[in-house]
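Breakdown of the fold
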Amino acid sequence: MLDYLEARLPHLKNKLQQFAALYERIEVPARTILLREGEISRRFFFVEKGCLRAWINNNGKDLTFQFFFEGQGVSSAESFRRNIPSIFTIEAIEPSVIHIMHKKDYESIMQELNTDAAFLKEMTEIIFERQLYYVREFLSFIRDTPRQRYLNLLQQKPQVVQRVPQHYIASYLGVTSVHLSRIRNKLLKENKKSSSSS
């Protein structure tokens, strides 16, 4: 995140490099819960290496709604900002190296930079882009079939298909692992058929 801001806001480079020292770097094994649904979020997570997923519990079944890879950050924003229980869980699904920004440090950074118009504009843009992403995801879940959502993953986020275990992908698509296997097998057969006919 700070590298991204440095590139977009070069006049703040020195200040942002000072803030980098506020991050706590940790290494965690796969299946580590970083934030549990119902807890109040007091930390922002930035992925140096590995993969995180965000998921909710739906009547005993977990539903994944986003994956985060190297160079991406995640928090339960509403919980983090408003001190209310998080509506989702954040979990490492690979051995991961995470940088943690604690809330008190985040607040001191915001206090120091909240008079910089370019910084505020960039933060607004980041929030807008994230909001737009979630709207598109929501509409895709309503409009597209699981097969189409899987094809979208292959095209737009191949790292998910390459790195994430199948049961998490199935959870993200809203299907069972068996259904996902059928989708994959059918696509494989279609690809072989088109290859042999060309």
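Residues numbered from 1 in each chain as written. Predicted model: local features only at pLDDT ≥ 70, side-chain atom pairs only at ≥ 80, totals over all residues. Heavy atoms only, no water.

**Looking at the overall build of the chain**
Note the following rule: What counts as a helix is a DSSP run of H or I of at least four residues, what counts as a strand is a run of E of at least two, and both are numbered from the N terminus. In this description, contact between two residues means that some pair of their heavy atoms is separated by no more than 4.5 Å. With residues, only the protein chains shown are counted as cover, and all accessible areas are computed by Shrake-Rupley using a 1.4 Å probe. Only four residue types enter the charge count: Lys and Arg as positive, Asp and Glu as negative, with His and the chain ends excluded. For charged residues, the charge sits on one atom: NZ in Lys, CZ in Arg, CG in Asp, CD in Glu.
Helix and strand counts for the chain come out as nine helices and eight strands. Seen through its principal axes, the chain has C-alpha atoms that stretch 60 × 40 × 30 Å. Considering only contacts in the chain between residues 6 or more positions apart, those separated by 24 or more positions represent 68%. Approximately 12000 Å² of the chain is accessible, and the part contributed by carbon and sulfur atoms is 54%. Looking at the chain, you have 29 positive and 22 negative side-chain charges, and the mean spots of the two groups are 9 Å apart.

**What to know about the layout of surface pockets**
To be explicit about the condition: In this analysis a 1.4 Å probe is tested at points of a 1 Å grid over the protein atoms alone, and where it fits but cannot get out there is a cavity; an open set with protein on both sides within 12 Å along at least five of seven lines is a pocket; lining residues have an atom within 4 Å of a point. Grid points are joined across faces, edges and corners, and a volume is the space filled by probe spheres set on the points.
One number sums up the size of the second largest pocket: a volume of about 350 Å³. Taken together, the elements giving at least two residues each to the lining of the second largest pocket come down to β5 (61–68), α5 (117–143) and α8 (166–173). Top element by residues in the lining of the second largest pocket is α5. It accounts for four residues.

**Quick look at the nonpolar core**
Which entries qualify depends on this criterion: For our purposes a nonpolar core is just a set of buried Ala, Val, Leu, Ile, Met, Phe, Trp, Tyr and Cys residues, chained together by side-chain atoms within 4.5 Å. For every residue, the accessible area obtained with a 1.4 Å probe (protein chains only) is divided by the maximum for its type, and the residue is called buried under 20%, exposed over 50%, and partly exposed between those limits.
Formed by 18 residues in total, the largest nonpolar core has its most connected members in F67, Y150, V164, I169 and L173. Contributing elements (two or more residues each) for this core: α6 (146–156), α7 (158–163), α8 and α9 (177–197). Considering each element in turn, this core owes the most residues, five residues, to α8. Those residues within four positions of L173 in sequence are excluded, and the remaining contacts are F141, P146, R149, Y150, L153 and L180.

**Some words on the sheet that holds strand β8 (residues 96–102)**
What counts is decided by this rule: At least two bridges found by DSSP between two strands are what make those strands a pair.
Here we have four strands laid out as an open sheet, ordered β1-β8-β3-β6, and antiparallel in their pairing. Of all strands in the sheet, those with a lone pairing partner are β1 (24–28) and β6 (73–74), marking the two edges.

**Examining helix α4 (residues 103–113)**
Helical periodicity: at 3.6 residues per turn, an α-helix aligns residues three or four positions apart in one direction. The cut-off we apply is this: Read the arc as the range of directions from the helix axis to the C-beta atoms.
Here α4 has its buried residues at K103, D105, Y106, I109 and L113. Taken down its axis, α4 places every buried residue within 160° of arc, on the same side. Counted as exposed and oriented over 90 degrees from the buried face of α4: K104 and Q111. Those residues of α4 hidden inside the fold are in contact with α2 (13–20), α3 (77–82), β8 and α5.

**Notes on the side chain of T64**
Its place among the elements puts T64 in strand β5. Assessed through its relative accessible area of 4%, T64 is described here as buried. Excluding anything up to four places from it in sequence, T64 contacts R53, A54, W55, Y168, S171 and Y172.

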